[in-house]
Amino acid sequence: MIKTEKILHLKSSRGRKVRVVREHYLRERVPCCSCLCQAACDNDGKVLPGDLTHYVVPDVGVVVDYLEILEFRELQGVVFTQTACQAVQHSKGRRQYNRLRNLLKDPRHDCVLFANEFQEYSYCPREKGESQEQWQTRCVYSAAVWYHNHLAGMMDIVMITEDRDAIAQYGSLNAGVYVISVQDFLRDFWPQVQAAHELYSSISQALQEKESEASQKEYSEHLPAEVLEAGIKSGRYIKGTLNISKHRPQNEASIMTDGLSNKSTDLSRGVLVDGGKNRNRAVHGDVVVVELLPKSEWRGKVTALTEGQGEEKGGEENESQPMPTGRVVGILQRNWRDYVVTFPPRDGTQSQSRNSQRILAVPWDRRIPKIRISTQQADALQDHRVVVRIDSWESTSLYPNGHSVRVLGPAGELETEVQTILIENGIHVAPFSDAQLREMPVNSPEKPWTIDPAQAAERRDLRESHLVFSIDPRGCEDVDDTLSVRSLPGGKLLELGVHIADVTHFVTEGSLTDLEARLRATTYYLADRRYDMLPAVLSADLCSLLGGVDRYAMSVMWELDAHTLAVNKVWYGRTIIRSSYQLHYELAQALLNGEEAEVPELSELGPEEKDAKLAELTQALEMLTHVARQLRAQRDRGGALELEGVEVRAQLDEQRNITALVPRQPLEVHETVAECMIYANHWVARKIQETFPHQALLRRHPPPRQEFFSQLVDSAKARGFAIDTRTNKALADSLDQAMDPQDPLVNRLLRMMATAAMSQALYFSTGLESQDQFYHYGLALDRYTHFTSPIRRYADIVVHRLLTAAIDLEREAGLGQTLANNKELEEMAQHINNKNMAAQRAQKSSTALFQCLYFKERDPQTDPSCVADAVIYSIRNNGILVFVPEYGVKGPVYMKNRDGQVVAAGPDGSCEWQSGSVRQHSDHISTTSSCGTSTFRLFDHITVRISVHSAPFHGDSLNLEVVSNKRHRSPEPQQTPSQGRSQLVQEVVRLAEEASQQAQEKKAAQRPKLSKEEREFRQSKTPNLYSLLEEVRELALMDLDTAAQVCATTA
């Protein structure tokens, strides 16, 4: 080891230049991470293969500016130098540096890190008079030469750089080490990766045309990081995440942080940032630092309805008094992501250079400012959705600069809009790779999968001893839970069993399949499709507990007192099961009701044997129902909440794809299955938390903030009901009592308001929270986790591994593998929470998309399906918020339009616009015109007309207009809510397919019915809605219109 010195020139907090001398140690043996190594380097982790034609060593400038290109999986054998990585950290910040680190850690990407500055023969001390850029280039070239020599010339090395002088200087110095430009590299080695060429062109144009002509500052400069940190500590400045209002994105934003306060001001309601100038180039989601304005400049939030208004938290709904208001003085962390924009039609005002145009593209998300893009394809991309990334936002520019990444397609097409929703929510689901699929077990007619004898010796075999069955939606293929129940000898004890698919047997921790599942974190469900977390060979076959086949399971089995259900003993372990019956809900309920029903598994038996088997199955179902009723009663006594949800099931076509959502009546058997799953989740949570008190993954549901209940309390009071929100039990009891026998929708709406007030249920590591924070408010349980759906949730896979480790410790077998520590587990929990929230947002946007597409094809003036009954559930300054139960739609209805006219109701209830005034009250809103006074009260039924407000740059939205102040009387029998949504999805899919077919016939060259993105990314067409059984009840808490789409049944 050789000791030397490294001289750094840094800046102090006051801006002075400081010369820092640090000790620097050089080693002869530094891992080269290549399988061609002849020097026996200690190469732990990833190594580069030896069957490539060359290794690639990118220059510092390439890593800093073109990292996105290096992320293409097609580019193999990439060696990132320590010099380049440090440059990214210093010049691009923590977010980009973490992105590079994750790329290096990801085994799916063929790239490694070489610590060139610690290698004795590749280290280059900086020479006097040498610029930093020149020194960095020389360091990278020296590392490339070292690689070539270290591998004894067996591998050519290609250094890529955008520095023309470096190409001229180093290009011919060493045989076997080539120095070329990125463009030449892509052209010569990867001509088939067209996306990389397009991305290079886009980034190059953005770099060349950074705004330089502007000299006048549009915004104030951000304060240095040192000043910001000092100000935060002293209380002068406030740190938080910028949240821009989706209803008033031009003017209203806020900073919200739990426990936000300073010495002199109560900031519990957050800090308002009013206007674009005060945001000072901060984008939605950025971590910012704000300075409070003088109290004379404080403002309140606008309470009037605005375009696109939706439901908000109750505590903000009547916010009109002034609140702390501030301005952004610095940005601690940019949270820029991929944005979908639309290129507007040419209007002649866009700037243009010789080779490209600079276009102000409009983001799909209204909260994001316009982004200036330099492109040579401005004409071709008009009215197209394009994925872009922001590069910079200088103080001299009104708008940020960015570059395009890829084109999604024409705006308005179904596939384009679906892909837009996925990207806007950060959901990236590439097809499972060949390497991942090679990890999968084989199950084919030629080579059927069988139970491994070694596994059979280790597992408890329940195939002959237990009657195991599943109860799922009709046509369900991914069965991840089964049940068993029996009376033990003597009759005093019952045995209840919950048997869950043993996914972790097939998905080894750290495998490519595991890494992909962890990245996705969940199966994504949209209105017409799903994207699976696991490959189909597992999710629909070997991990699916199908009837009549042997399967591995993770089981929890209780010995219960037959009368009190007191737990006598509980057993956890791995089992082998064979499900005897694969029942659907309606069949199970029919058997419980004593109705005639055909069980497919018994159809070929003789009458006597059939009757005996049927009696045995029915007895098990009755016993299971009895147990579930008592389990539910126990939770009810603790304060478990019953919130609003609509149950639907999936309808399959001949290819067994789900084509629509069809109505399903609530059945007691739904509750039965739900209670068993909740019970298993609770007991597994207890087991892993007691065994690993500081590193167990649980799920908590914090009590909601009381101010969020204000709308619920006030609305119920207007109807004569008192809602007690002090505890979950008090809330549950008062909601049960708030029943209007004349209108059941009143209770439904109150439960919707209760759902909207709830906080989000979250995964967490037990080492992070005290035990009193483990409580699950909605389920009234002291500990809870997710164990019962490992096919579709990665959290359940983590819990299965923890349970396996706990069982091994109990048997004194020792831990088979190292468990994640508290910090690692908490990072994973945060990742899963973020992905779950993204999945919910995508689902909600998908529902809204199909609602708009459904009504877009209809004339609202003539089509009777565009007129529907609506119920008022909130009063605002200039209008009301209504719920349309037929379609599960919520939205604003204006009482006053932009021309100052108000809604006036005639003697027959019909409404029209007239000059007049509007007045808001706590429980009603009234309009006064020449026709007199019209009053609209909370929970009144009115008739609305539904139309679509087209927004070419953003997503379309529904427009609701009052037609009559009386209840709508449909000429035909009214649909159930599920029927309305079912028809909506079916009709939109049909119209999209017809339009695509017609376009294909008109022009042969037209794109096919399924776009490239759909063929590449769609894995399952439409969801199996069983997968969403628990979300509303266990309070993952989506809006009702979302929950209605996805079946809220069990936890």
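Here, every reference points to the structure presented above.
Given the structure is predicted, the values throughout are model-derived calculations rather than measurements.

> For helix H22 (residues 745-757), give the residues involved together with the corresponding values.
With 13 residues, H22 extends 18 Å from end C-alpha to end C-alpha; this agrees with the ideal 18 Å at 1.5 Å per step. Most of H22 sits inside the fold, with 12 of its 13 residues counted as buried. Three or more residues of H22 are buried, namely Leu 745, Val 746, Asn 747, Arg 748, Leu 749, Leu 750, Arg 751, Met 752, Met 753, Ala 754, Thr 755 and Ala 757.

> Give a detailed account of the nonpolar core, specifying residues and quantitative values.
Considering soluble globular proteins, one finds that nonpolar side chains tend to be buried as a cluster. If you look at the biggest cluster of nonpolar residues, it comprises 91 residues, and the most contacted ones within it are Phe 469, Ile 471, Leu 496, Trp 558, Leu 583, Leu 697 and Phe 787. Domain assignment of the residues forming this core places at least three in each of domain 3 (450-645) and domain 4 (668-854). The contacts of Phe 787, once residues within four sequence positions are left out, are Ile 500, Met 554, Val 556, Ala 680, Asn 681, Val 684, Arg 793, Asp 796, Val 799, His 800 and Leu 803. Ranked by size, the runner-up nonpolar core spans 67 residues in total, among them Leu 103, Leu 104, Tyr 141 and Tyr 200.

> Run through the sheet that holds strand S9 (residues 252-256), naming residues and quoting values.
Judged by pairing direction, the sheet is antiparallel, and its five strands sit side by side in the order S10-S9-S8-S11-S12 without closing on themselves. The open sheet has two edge strands, strand S10 (271-274) and strand S12 (326-333), and neither has a second partner. Strand after strand, the sheet turns through a mean of 40° between neighbouring axes, direction not considered.

> With reference to specific residues and values, describe the sheet that holds strand S36 (residues 911-920).
Taken together, four strands build an open sheet; the order of strands is S35-S36-S37-S38 and the sheet is antiparallel. Where the open sheet ends on each side, the last strands, each with one partner, are strand S35 (901-905) and strand S38 (932-937). Along the sheet, successive strands turn relative to each other by an average axial angle of 50°, direction set aside. Note: S36 against strand S37 (residues 924-929), five bridges, orientation antiparallel. Within S37, the residue paired with Val 918 across the bridge is Thr 927.

> Tell me about the packing of helix H19 (residues 668-691) against helix H23 (residues 794-810), and name the residues and values.
One way to put it is that H19 packs onto H23 with a least axis distance of 9 Å and a crossing angle of 60°. For the element pair H19 / H23, the angle class is oblique. The two elements H19 and H23 cross, and the hand of that crossing is left-handed. When H19 is examined against H23, the residues Val 684, Lys 687, Ile 688 and Thr 691 are found in contact with a partner set consisting of Val 799, Leu 802, Leu 803, Ala 806, Leu 809 and Glu 810. Looking at the contact of H19 with H23 residue by residue, the class counts come to seven nonpolar, one polar and two charged.

Basis of the calculations
- Per chain, the residues get numbers from 1 upward, laid out in the order the sequence is written.
- Where local features are concerned, this predicted model is filtered to residues with pLDDT of at least 70; where side-chain atom pairs are given and counted, the filter is 80 or more; whole-chain, interface and lining totals use all residues.
- Note: side-chain values were computed over all heavy atoms of the structure, leaving out hydrogens and water.
- In DSSP terms, a helix is any run of H or I states spanning at least four residues, a strand is any run of E spanning at least two, and both are numbered starting from the N terminus.
- A helix is expected to span 1.5 Å multiplied by its residue count minus one.
- Note on classification: 1.4 Å probe, protein chains only; a residue is buried when its accessible area is under 20% of the maximum for its type, exposed when over 50%, partly exposed between these limits.
- The set of buried Ala, Val, Leu, Ile, Met, Phe, Trp, Tyr and Cys residues whose side-chain atoms join them within 4.5 Å is what this entry labels a nonpolar core.
- An automatic or database domain assignment supplies the start and end points of every domain.
- Contacts are residue-level and defined by heavy atoms, with any inter-residue pair within 4.5 Å sufficient.
- Should DSSP find at least two bridges between two strands, the strands are taken to pair.
- Only the stretch in contact is used when a helix axis is fitted, and all axes are lines through C-alpha atoms; the angle between N-to-C directions ranges over 0 to 180 degrees.
- Angle categories: roughly parallel below 35 degrees, roughly antiparallel above 145, roughly perpendicular from 65 to 115, and oblique for all the rest.
- Left-handed describes a crossing whose near helix is turned anticlockwise from the far helix through less than a right angle; right-handed describes the clockwise counterpart.
- Three residue categories are used. Nonpolar comprises Ala, Val, Leu, Ile, Met, Phe, Trp, Tyr, Cys and Pro, charged comprises Asp, Glu, Lys and Arg, and polar comprises the others, including Gly.

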